[in-house]
Amino acid sequence: MQSKLQASYILIMEMFPVRYRTITGIAALTSPAISYGLATGIAYFITNWRLQILLHAICGCVSLIGAWVTQESIHWLLSQQRTCEALSACRAIAKFNGIKLLPSIEMEVNEITDEIRGNLSSSDSKQTLVDLLRYRVFQKYVVIVAFAQYTAQLSIYGFSFLVAEIGGDMYLNCVIISVVDTVLRALSYCSVKKLGRKNMSLIALAMMGIMNIAFVAIRAFGSLSPAVKMMSIVVGITGRVFNGMFFCAFYILITEMFPTTVRSSAQGIASSAGRAGLMSTPLALFLGDYIWKQFPFLLFGVMGVFAAALCSLLPETKDRPMPTTIEEAARLAKKVKKSTTATTLDVRDVEMPMIAGNGKV
């Protein structure tokens, strides 16, 4: 399931040009918050857990229809020098939108493929994660991305324990959290658009750390009164909100930062680090029984602030085209002026609206 979500997100991001990429990425990451509320409704009306699992499985099978109606990423096809398939995808998109594919677009697609073929040897066309890690700058980026993802996933379960203290009807609480999370994730579009991917990621990550530290301060120096309990709940919900905003910005940043040839592998590292964070949370919470009751949340807070500081070393990708090869991504990462080849590769971000639009150029 995680692999499917990861591949789907990369495909969606590669479908759209630069100016639509922010709203597309946030819309894709808002859907889990909506699904959380829908799953709560299913659990409320269908109490039999076997029927619940069956219904979720049916919904998953229905989503497989997308494999037959969705075109392959043109970015990826061109990076693999599969020109004919890229042109077929362009024609299919144009036909679906009821427009005619302009001959100039076909010429540009052929020119892009020729430029890629001229700058990559036959062995380089099969770039892997090992090739990416030969660059010191990407070694640093991979470590930072993995640590930030690990910390964020580690914190989200800590906030879930705080939110669990709300009390009352658990179904209503889950729906409220889903609605709040959905609205604020959607509103994070303005923040990501204004501040950029990197700045929004590090701000959200730092706020997650601060919320954990704030919880420690509230519980360590305050009595367990109803007011203190309510403050803890507010801190937990606020932390979850910033967690959602972090993922909205950070996944866009990762997708735009790594080249097409190894983008899935880089996303896989981040996803694996996140899964490791989820598995580590129960073990980290056990530290409270042996060291100090609030120690796990203090640890989450310090890690969150430290991860935010590390994210300041990542590049800003706002309004930048997606790099196709590792060499192109390295030039962008080092802030070297883009060569003619890199500029030519960016033409994909311009021609997609022509294909999906009204046919006028």
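Asks: Explain the nonpolar core here, please?
Replies: Formed by 56 residues in total, the largest nonpolar core has its most connected members in F138, V145, L205, F246, F250, F258 and L314. Of all the secondary-structure elements, those providing two or more residues to this core are α1 (2–15), α2 (18–45), α9 (136–163), α11 (197–221), α12 (226–257), α13 (263–290), α14 (295–311) and α15 (326–333). With 15 residues, α12 is the single largest residue contributor to this core. When residues no more than four places from it in sequence are discounted, the contact partners of F138 are L132, L133, M257, F258, I326, A329 and A330. The next biggest cluster of nonpolar side chains, apart from the first, holds 13 residues, and it includes I74, L78, I93 and I99.

Asks: I keep staring at the packing of aromatic side chains and nothing clicks. Help me out?
Replies: Any aromatic ring pair is given by two values, namely how distant the centres are and how the planes are angled relative to each other. Tallied over the entire structure, the rule returns 11 aromatic pairs. Consider the rings of Y135 and F138, whose centres lie 6.1 Å apart with planes at 80°: the pair is edge-to-face. Judged by relative accessible area, Y135 falls into the partly exposed class, the value being 25%. The class for F138 is buried, based on a relative accessible area of 0%. Both rings, one in F246 and one in F247, keep their centres 5.3 Å apart while their planes meet at 65°; by these two values the pair is edge-to-face.

Asks: Please clarify how the pattern of salt bridges should be interpreted in this entry.
Replies: Two side chains of opposite charge can pair, provided their charged atoms sit close to one another. Overall, the coordinates contain 3 salt bridges when judged by the stated rule. One salt bridge connects E256 with R21, and the closest N-O pair in it is separated by 3.4 Å. With E256 in helix α12 and R21 in helix α2, this residue pair connects regions lying 235 residues apart in the sequence. R21 matches E256 in its accessibility class, with the two residues each being buried. Among the charged side chains, a network of salt bridges with common partners joins R21, R197 and E256.

Asks: Explain the packing of α13 against α14 here, please?
Replies: In helix packing, the relevant descriptors are the interaxial angle and the interaxial distance, both defined with respect to the helix axes. At their nearest, the axes of α13 and α14 sit 7 Å apart, and the two run at 130° to each other. Looking at the two axes, α13 sits oblique to α14. Side by side, α13 and α14 meet where A284, L285, L287 and G288 of the first sit next to F295, P296, F297, L299 and F300 of the second.

Asks: Whenever I open this one, the environment of M279 confuses me. Can you help?
Replies: Within the element layout of this structure, M279 appears in helix α13. Taking relative accessible area as the criterion, M279 reaches 61% and is therefore assigned exposed. A sequence separation of 126 residues divides M279 from Q153, and the C-alpha atoms of the two residues are 9.2 Å apart.

Asks: How do you make sense of the side chain of S201 when you look at a structure like this?
Replies: By the secondary structure assignment, S201 is in helix α11. A distance of 3.4 Å separates the side chain of S201 from the backbone nitrogen of F250, its partner in a polar contact. Excluding anything up to four places from it in sequence, S201 contacts F246, A249, F250 and L253.

Asks: Just to check I follow, could you spell out a nonpolar patch on the surface for this structure?
Replies: On the surface, L51, L54, I58, V62, L64, I65, W68 and V69 cluster together to form a nonpolar patch covering roughly 870 Å² of accessible area. Mapped by element, the contributors of at least two residues to the nonpolar patch are α3 (49–62) and α4 (66–69). With 4 residues, the single largest contributor to the nonpolar patch is α3. Counting through the fold element by element, I58 comes out in helix α3. Take I58: its relative accessible area is 44%, and that puts it in the partly exposed class.

Asks: Mind showing me how you'd approach the side chain of T317 here?
Replies: Along the chain, the position of T317 falls in the loop between α14 and α15. Here E256 takes part through its side chain, which lies 2.7 Å from a polar atom of the side chain of T317. If near-sequence neighbours (up to four positions away) are discounted, T317 is found in contact with R197, L253, E256 and M257.

Asks: I'm lost on the confidence of the model for the chain in this one. Help?
Replies: Summary statistics for the chain give a mean pLDDT of 77 and a share of 83% for residues scoring 70 or more. Mean pLDDT across the secondary structure elements of the chain bottoms out at helix α16 (residues 340–345), with 37, and peaks at α14, with 91. Low confidence marks residues 336–361, where pLDDT is under 50. Its contacts with residues over four positions away, or in another chain, come to 58 contacts.

Asks: Honestly, the packing of α2 against α12 in this entry has me stumped. Any pointers?
Replies: Axis separation between α2 and α12 bottoms out at 9 Å; the angle between their running directions is 125°. Comparing their axes, α12 and α2 come out oblique. Relative to α12, α2 is oriented so that their crossing is right-handed. Between α2, through R21, T22, G25, I26 and L29, and α12, the contact on the second element is made entirely by F247, C248, Y251, I252 and E256. Among the residues making up the contact of α2 with α12, the classes are represented as 6 nonpolar, 2 polar and 2 charged.

The rules behind the values
- Residues numbered from 1 in each chain as written.
- Predicted model: local features only at pLDDT ≥ 70, side-chain atom pairs only at ≥ 80, totals over all residues.
- Heavy atoms only, no water.
- Core = buried A, V, L, I, M, F, W, Y, C linked by side-chain atoms within 4.5 Å.
- Buried < 20%, exposed > 50% of the residue type's maximum accessible area, 1.4 Å probe, protein only.
- Helix = DSSP H or I, 4+ residues; strand = E, 2+ residues; numbered from the N terminus.
- Contact = heavy atoms within 4.5 Å.
- Phe/Tyr/Trp six-rings, centres within 6.5 Å; stacked < 30°, edge-to-face > 60°.
- Salt bridge = Lys/Arg side-chain N within 4 Å of Asp/Glu carboxyl O.
- Axes fitted to C-alpha atoms, helices over the stretch in contact; angles between N-to-C directions.
- Parallel < 35°, antiparallel > 145°, perpendicular 65-115°, else oblique.
- Polar contact = N/O pair within 3.5 Å; in protein donor to acceptor, adjacent residues only side chain to side chain.
- Patch = residues over 30% accessible without salt bridge, like charges linked within 9 Å, V, L, I, M, F, W, Y side chains within 5 Å.
- Areas by Shrake-Rupley, 256 points an atom, 1.4 Å probe, with all protein chains shown as cover.
- pLDDT = per-residue confidence, 0-100.
- Left-handed = near helix turned anticlockwise from the far one by under 90°.
- Nonpolar A, V, L, I, M, F, W, Y, C, P; charged D, E, K, R; others polar.

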